[in-house]
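Here's the letter readout for the chains.
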2 protein chains.
Amino acid sequence: MTETVPRPTLEAVAARAGVSRATVSRVVNGADGVTEPLAERVRRAVEELGYVPNQAARSLVTNRHDAIAVVVAEPESRVFADPFFARQLRGISRELTAHDNQLVLLLTEGRHDHARVARYLAGGHVDGALVFSLHLDDPLPELIQRAGVPVVFGGRPDWSGGGNGVVYVDSDNRGGARDAVRHLLGLGRDRVAHITGALDQTSAVDRLDGYRDAMADADPRLVAEGDFTLAGGERAMRELLENRPGLNAVFAANDLTAVGALRVLREHGRRVPDDVAVVGFDDMLPFAEQTDPPLTTVRQDIEEMGRLMARLLLRGLDRTAAARETVGGPPSSVIFPTTLVRRASA
Amino acid sequence: MTETVPRPTLEAVAARAGVSRATVSRVVNGADGVTEPLAERVRRAVEELGYVPNQAARSLVTNRHDAIAVVVAEPESRVFADPFFARQLRGISRELTAHDNQLVLLLTEGRHDHARVARYLAGGHVDGALVFSLHLDDPLPELIQRAGVPVVFGGRPDWSGGGNGVVYVDSDNRGGARDAVRHLLGLGRDRVAHITGALDQTSAVDRLDGYRDAMADADPRLVAEGDFTLAGGERAMRELLENRPGLNAVFAANDLTAVGALRVLREHGRRVPDDVAVVGFDDMLPFAEQTDPPLTTVRQDIEEMGRLMARLLLRGLDRTAAARETVGGPPSSVIFPTTLVRRASA
DNA sequence: CCCGGCGGTGAGAGCGCTCTTGCCGGGGGC
DNA sequence: GCCCCCGGCAAGAGCGCTCTCACCGCCGGG
C-alpha cells in the first residue's frame, strides 16, 4: 500500500512548456484556438510529467462531476439470486465509460439508508442518478426529486409525485406476460394459472395485468401470489395444486419462481410440459437453459436497458452536442419489447 | 429531470449564524473548541439553509476523497452467472458506508480498459482501490502499483512484483478443496476426479493443489480442466467419463461446474450420489440447494470477505484512530476458512 | 495591579483548475 | 500607408473549502 506522491499541476506543465496555464487547459480539454507547434509542446510536457488533471479542482469550478450514481434499493431479495443486477450494471457501466463518466454505486437496505442516499445526492457529488428496484410507497423518489438531481428510473416507478417529467426504462411486462399466456392458450391449455411476483413492485403488477388481458374471465383461484423468489414459487405452486388441481399450465412471474414451480410439480408427479406447461419470465441465463426441462420464458434485453438508462440520463444532462445528436428530442420513457423464447417446458 | 438549484455555501451559513467561515467549518467537521451557544447557532443555520458541504472544494484542499474504487477485472465470465459478485459488493458497500466512504465501481473488459482504470486511479479520484478477479499475467496490479494507490486484492494475486506489502483477502481454497476430497475419500470413494476452474486464476490453482494434497498419488487423467462455467463443467465431465469411466466421485472447482457435471452424469445414466458423488465449491445460494440432488459443497463467507477487504483498505489509509483501534497493527493478508456443507450429492 | 498565557474566534491565504478579459501582433480594406 | 479588426495567447479572478495564524478578552499568578 504505497503512499500517493505529489502530482504535477497545470502550473508545472505550463512552466515546462513555456506557456500559460490557460493554454495548457485549452489543450488538455481539447478546445481549439491553439496553434499546432504550441499544442505539441504542451502535449509533450503533459506526457513527460505524467500530468493528470485534478478532478476535484475541475469540479469546483465547472460544477460538473462526470459521475453518475446508481441506486439499488433492494433489501436483499432479488439482487443476489439474480444475475439481473450484474447485467444491468454492466450495461450502465459500458455506456458511462463510453462517455467518460464514473459509476458511483449506492446500495441501500432500509429506511435509514434512504436518508443517507438522499443526503449524498443532495450533496451534489454526482450529475445524476439511476434508480432501481423501487417498491410501492417507497419514499426514495420523493427524496431524490427534492434533492434536485436528474434521475432515470429502472422499471416504472409507482409514483405520481413528479407528475410529468418522470423518466424511466422498463420492459413491456404487460405485453410479455400476455404473449406468454397466449402461447400457453395456443398450445391448447385452457386452465392457465399465474404465480405473481412481489406485488409491491410495478413489474409484478404489470405481469399480472398482462395475464388478465389474455385470461379475461379467469378463475381468480388460478392466481397465487409469489414474491419473485424460488421459495415463493414453490409455496404458490403448492397452493395452486391444492386449489385448482386441474390446472394444465402455469405462467410464473419470473424464472426463479418458475424453477420453484417446476420442483413442486415434479414432487407431485406432474410431468412438464405434458401435464402442466410452464413459462417463466426474464430468460435468466444460464439457468433458464439448464432447468429440467429447459424453460420457455420471456426474454428482456437487460443489458441494453441499462445502457439506455445511462444514455437517457446523460442526454438529460444536456452536456455534449454529440449526445443530443445521437438521440434527439427531450428524454422520455422507453418501454422495451420482450421476446418469447421457446424451450421445452411449454 | 429537474435542474440543480444553487446550493448554500459555508459563507452563507456563516452569515446567517453571524460567525466566520472558520467557525462553521469547525462545527460541520465536528472539531471541538467551539462554545456551545455558538455551535448551536451554527447548527440551526445549517439546518435552515439545508447546507451540505461541497465535496469537491473539500477534496481540493484536504486531498482526500472518502471514496474507494472497486475494480472488477472480469471479462464477462463468472460475474454474470454468479451471485458471488453481488454478495461481495454488498459486504464492501456495508463497510464503506459505515465509514462514510463512497463506492466507485470500475468494470473492465479488456486491455483497453486497463489503461483507463490505471489513468483513473492515478488521477487521484479515490483514496484506495479494491481489486478483484485477477488473472495470471494481468498487467493491472503493476499499473495500479505504479499509480501509487493503496490497494487490497480480492483473491491472492499471482504477482510478485510488489514483493512485500501486497495485501489480499482470500478463501482457504487449498484447505477447502482438501476437505472436500477427504470427505469423498471418507465416503469410501477411491477414484475421485477433479474438474478444475480456469487455471489462469490462483483460486483454481489452489483448489487443484488442495485436491492433490488429498490425492497424493492420483492418476493425472482424473483431472480435467474446466473454466468455472457450466458449459466448461459439462465438457470436462464428458472428458472424464471417457478417460476414466470407473470414477466414483467428482470434486468440481465451483458450483456452476458441479451443475454441469451433474447434468452430464445424468445424461450418462450415472446416479448421484450412488454411482458418483459430487462436491462443489462456493455454496452459491439458492442454486446449490436446488440442484438435483442438492449439492454438497464448500462454503465461503463471501460477504464477510468483502467487508474485511474494505476494512483492511480503510485501515491502511490510516485515517481514523477508531479504525486503527478496531483492528490494530499493520494490515496484512487474511485467509478465510471454509466449511463443508453436506447435502445429498455426496 | 499588571502581565503572561490560553481558549475561542476571525481573517486570509491558497488548494488546482476554468473562463473571462484584455493585450498584442499581423493582415486586409479604404 | 493607416487604421481597424480579429485570432492567439497571457493574466487574473474566483469556485468553496480548510487551515494556519494572529487577535482578543479573560483568568490567574507574582
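Residues numbered from 1 in each chain as written. Chains lettered and ligands numbered in written order. Predicted model: local features only at pLDDT ≥ 70, side-chain atom pairs only at ≥ 80, totals over all residues. Heavy atoms only, no water.

Undergrad: Let's hear about the interface of chain A and chain B: which residues, and what values?
TA: At the interface, 65 residues of chain A touch 65 residues of chain B. A combined buried area of about 5,400 Å² lies between chain A and chain B, and 58% of that area is made up of carbon and sulfur atoms. Put simply, chain A and chain B have four salt bridges between them. Its salt-bridge partner being E109 of chain B, residue R94 of chain A comes within 2.6 Å of it at the nearest N-O pair. Per element, the largest residue contribution to the side of chain A that touches chain B is eight residues, and it comes from helix α6 (residues 84-98) of chain A. Of the residues belonging to the side of chain A that touches chain B, the class tally is 33 nonpolar, 18 polar and 14 charged. Pairing analysis gives three bridges linking strand β2 (residues 102-107) of chain A to strand β2 (residues 102-107) of chain B, with the strands arranged antiparallel. Across the sheet, the residue bridging to L103 of chain A is L105 of chain B, located in β2 of chain B. (Contact = heavy atoms within 4.5 Å. Buried area = accessible area lost by both parts, 1.4 Å probe. Salt bridge = Lys/Arg side-chain N within 4 Å of Asp/Glu carboxyl O. Helix = DSSP H or I, 4+ residues; strand = E, 2+ residues; numbered from the N terminus. Nonpolar A, V, L, I, M, F, W, Y, C, P; charged D, E, K, R; others polar. Pairing = 2+ DSSP bridges.)

Undergrad: Can you explain helix α11 (residues 230-243) of chain B? Please cite residues and give values.
TA: All names here are of chain B. With 14 residues, α11 should reach 20 Å at 1.5 Å per residue; the first-to-last C-alpha distance of 20 Å fits that figure. Turning to α11, its buried residues number three or more, namely L230, G232, G233, E234, A236, M237, L240 and L241. The backbone nitrogen of G232 lies 2.9 Å from a side-chain oxygen of the residue at the head of α11, namely T229. (Expected span 1.5 Å × (residues − 1). Buried < 20%, exposed > 50% of the residue type's maximum accessible area, 1.4 Å probe, protein only. Polar contact = N/O pair within 3.5 Å; in protein donor to acceptor, adjacent residues only side chain to side chain.)

Undergrad: Just give me the short version of the protein's contact with DNA strand D, but keep the residues and values in it.
TA: DNA strand D sits among 26 residues. The nearest are T23 and T35 of chain A together with L10, S25 and Y51 of chain B. The contact in question runs from a base nitrogen of DNA strand D to an N or O atom on the side chain of R26 of chain A, over 3.4 Å. Taking S25 of chain B, its side chain carries an N or O atom lying 2.7 Å from a phosphate oxygen of DNA strand D. It is helix α4 (residues 55-62) of chain B that provides the largest number of residues to the surface near DNA strand D, a total of five residues. Per-class residue counts for the surface near DNA strand D are 13 nonpolar, nine polar and four charged. (Near = heavy atom within 4 Å.)

Undergrad: Describe the relation of the copies chain A and chain B, naming the residues involved and giving the relevant values.
TA: Overlay of chain A on chain B (RMSD 0.2 Å): rotation 180°, translation along the axis 0.1 Å. The symmetry that links the two subunits is that of a two-fold axis. By residue overlap, the copies meet face to face through one surface: 100% of the interface positions of chain A are interface positions in chain B. (Least-squares fit on C-alpha atoms with pLDDT ≥ 70 in both.)

Undergrad: Would you mind going over the environment of V149 of chain A in detail, with residue names and values included?
TA: When you line up the elements, V149 of chain A lands in the loop between α8 (140-147) and β4 (151-154). For the pair V149 of chain A and A129 of chain A, spaced 20 residues apart in the sequence, the C-alpha separation amounts to 6.9 Å.

Undergrad: Break down unusual backbone geometry for me, with residues and values.
TA: Here the bond from V272 of chain B into P273 of chain B is cis, since omega is 5°, no more than 30 degrees from zero. Relative to the helices and strands, P273 of chain B resides in the loop between α12 (255-267) and β9 (277-282). The phi torsion at D100 of chain A lies on the positive side, around 55°, for a residue other than glycine. D100 of chain A sits in the exposed class, given a relative accessible area of 59%. In the Ramachandran plot, D283 of chain A falls in the positive-phi region, its phi being about 55° despite a non-glycine side chain. Looking at the secondary structure, you find D283 of chain A in the loop between β9 (277-282) and α13 (287-290).

Undergrad: Mind laying out the sheet that holds strand β8 (residues 249-252) of chain B, listing which residues take part and the relevant values?
TA: All names here are of chain B. Strand order in the open sheet formed by six strands is β7-β6-β8-β9-β10-β12, with mixed pairing between adjacent strands. Unpaired on one side and paired on the other, β7 (223-224) and β12 (339-341) mark the two borders of the sheet. Summarising the sheet, β8 and β9 pair through three bridges and their orientation is parallel. In the strand pairing of β9, V250 is matched with V278. The strands that α11 touches are β6 (192-195), β7 and β8; relative to β6, the one it contacts most, it runs at about 145°. Running over the sheet, α12 touches β6, β8, β9 and β10 (296-299) and is turned about 160° from β9. (Axes fitted to C-alpha atoms, helices over the stretch in contact; angles between N-to-C directions.)

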